[in-house]
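# Chains, contacts and geometry: an overview
Okay, here's what each chain looks like letter by letter:
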Amino acid sequence: MTNFYKIILVNIAILTLCNINAQTIILKETVPDDYAAIDNNEGPNRKKYTLGYISYGFHTGGYDHNDSVLPKILGGRSFEITSGARFYRKLTKTLAFVTDTRLTYSQYVYNLKKNTSLQLPVSTTNLTKAKHYFGKYGVSAAFQINLNPKRGNQLGKYLHFGVYGNWLFSKRFVAKTDTPLSQYGKTNRLAIGSLKYTEKWEYGFEIGYGRTNMLLFARYRYSDYFNGITPLKELPRITLGLQVFTIN
């Protein structure tokens, strides 16, 4: 008998023993009356639960509570990417209190063709690209209304209503022009960091509709990015996106 066949027979024997042992254990086990005794009351539909998530959102124009005229941005290129952790605390079968912490990269790319008399930190002559981008660390608090109280130990369908706040730890403006300043290149890139005309904090509201492994969300930034030192128009306030949970 070759070593190959010996290995196959050994694996078959191990699997057979495992199946026999598994069947024996199942026959001897009894279903506990209270699962909290064995799972520490942790789970999607238990007293407490923690999960990680990643999300992608698009910034868009529209409503502004100050009735300001917002600048046009390139929707497909104005986005945010977030990684975070969420903590659930069950209050009743239909209500839970939720907090989370998050790290976000966010950028707003101006539509230079559709903006008239656009105000920027640099001259708009010959610009081919201009954007503001931010690095953010934040937290949020929300209530979750469960739509399926008898959903088993999973998140199920639910509505999400909350508030959020972010610290803007990185703030930059970047612009490009095709006017060459050097014989060795065709384009120039200008970057301005540690912006003095932006606020350090932002806050707003968020709502969402969730299912077992994802959350569709809409976020409205109530605070202003710009502090009034320059005549820059406020950036769009609405973000729409999708969160995907890494565990559930």
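Residues numbered from 1 in each chain as written. Predicted model: local features only at pLDDT ≥ 70, side-chain atom pairs only at ≥ 80, totals over all residues. Heavy atoms only, no water.

### Looking at the pattern of salt bridges
Applying the stated rule across the entire model yields nine salt bridges. Note that Arg 102 and Asp 100 form a salt bridge whose closest N and O atoms lie 2.9 Å from each other. Considered together, Arg 102 and Asp 100 belong to a single accessibility category, that of buried residues. Residue Lys 136 pairs with Glu 202 through a salt bridge whose shortest N-O separation is 2.7 Å. With Lys 136 in strand E4 (residues 127–146) and Glu 202 in strand E7 (residues 201–211), this pair connects stretches of sequence that are 66 residues apart. Across this residue pair, the class does not change: Lys 136 and Glu 202 are buried. Salt bridges sharing partners connect three or more residues here, namely Glu 80, Arg 86, Asp 100, Arg 102, Glu 206 and Arg 219. (Salt bridge = Lys/Arg side-chain N within 4 Å of Asp/Glu carboxyl O. Buried < 20%, exposed > 50% of the residue type's maximum accessible area, 1.4 Å probe, protein only. Helix = DSSP H or I, 4+ residues; strand = E, 2+ residues; numbered from the N terminus.)

### With respect to the nonpolar core
Ranked by size, the top nonpolar core spans 18 residues in total, and within it Tyr 110, Leu 120, Phe 173, Tyr 225, Phe 226 and Leu 235 carry the most contacts. Counting residues per element, the ones that place at least two in this core are E4 and strand E5 (158–177). Those residues in contact with Phe 173 that sit more than four places away from it in its chain are Tyr 110, Leu 120, Pro 121, Val 122, Ala 130, Lys 131, His 132, Leu 190, Ala 191, Ile 192, Leu 195 and Tyr 197. The next biggest cluster of nonpolar side chains, apart from the first, holds nine residues, and it includes Leu 51, Val 98, Leu 215 and Phe 245. (Core = buried A, V, L, I, M, F, W, Y, C linked by side-chain atoms within 4.5 Å. Contact = heavy atoms within 4.5 Å.)

### A few points about the pairing of E7
Burial along E7 is one-sided: Glu 202, Gly 204, Glu 206, Gly 208 and Gly 210 are buried, and none of Trp 201, Tyr 203, Phe 205, Ile 207, Tyr 209 and Arg 211, which face the opposite way, are. Sheet analysis places E5 next to E7, joined by 10 bridges and oriented antiparallel. Bridge assignment links Asn 166 to a residue of E7, and that residue is Glu 202. Summarising the sheet, E7 and strand E8 (residues 214–221) pair through eight bridges and their orientation is antiparallel. Within E8, the residue paired with Gly 208 across the bridge is Phe 217. Hairpin connection between E7 and E8: a loop of two residues separates the two successive antiparallel strands. (Pairing = 2+ DSSP bridges.)

### Details of the pairing of E4
By the bridge criterion, 15 bridges tie strand E3 (residues 95–109) to E4 in an arrangement that is antiparallel. Counterpart to Leu 95 in the pairing with E4 is Ile 145. Summarising the sheet, E4 and E5 pair through 19 bridges and their orientation is antiparallel. Note that in E5 the partner of Leu 127 across the bridge is Thr 177.

### Some words on the confidence of the model for the protein
As a general rule, the predicted coordinates of low-pLDDT regions are not to be interpreted in detail. For the protein, the average pLDDT comes to 85, and 80% of its residues sit at 70 or higher. Scored below 50 in pLDDT, residues 18–28 shows zero contacts in the model against residues more than four places distant or in partner chains. (pLDDT = per-residue confidence, 0-100.)

### Regarding unusual backbone geometry
Of note in this structure, Asp 67 is not a glycine but carries a positive phi near 55°. Structurally, Asp 67 can be placed in the loop between strand E1 (48–60) and strand E2 (79–90). Take Asp 67: its relative accessible area is 70%, and that puts it in the exposed class. In this model, Ser 194 sits at a positive phi of 50°, which is unusual for a non-glycine residue. Examined against the element boundaries, Ser 194 turns out to sit in the loop between strand E6 (188–193) and E7.

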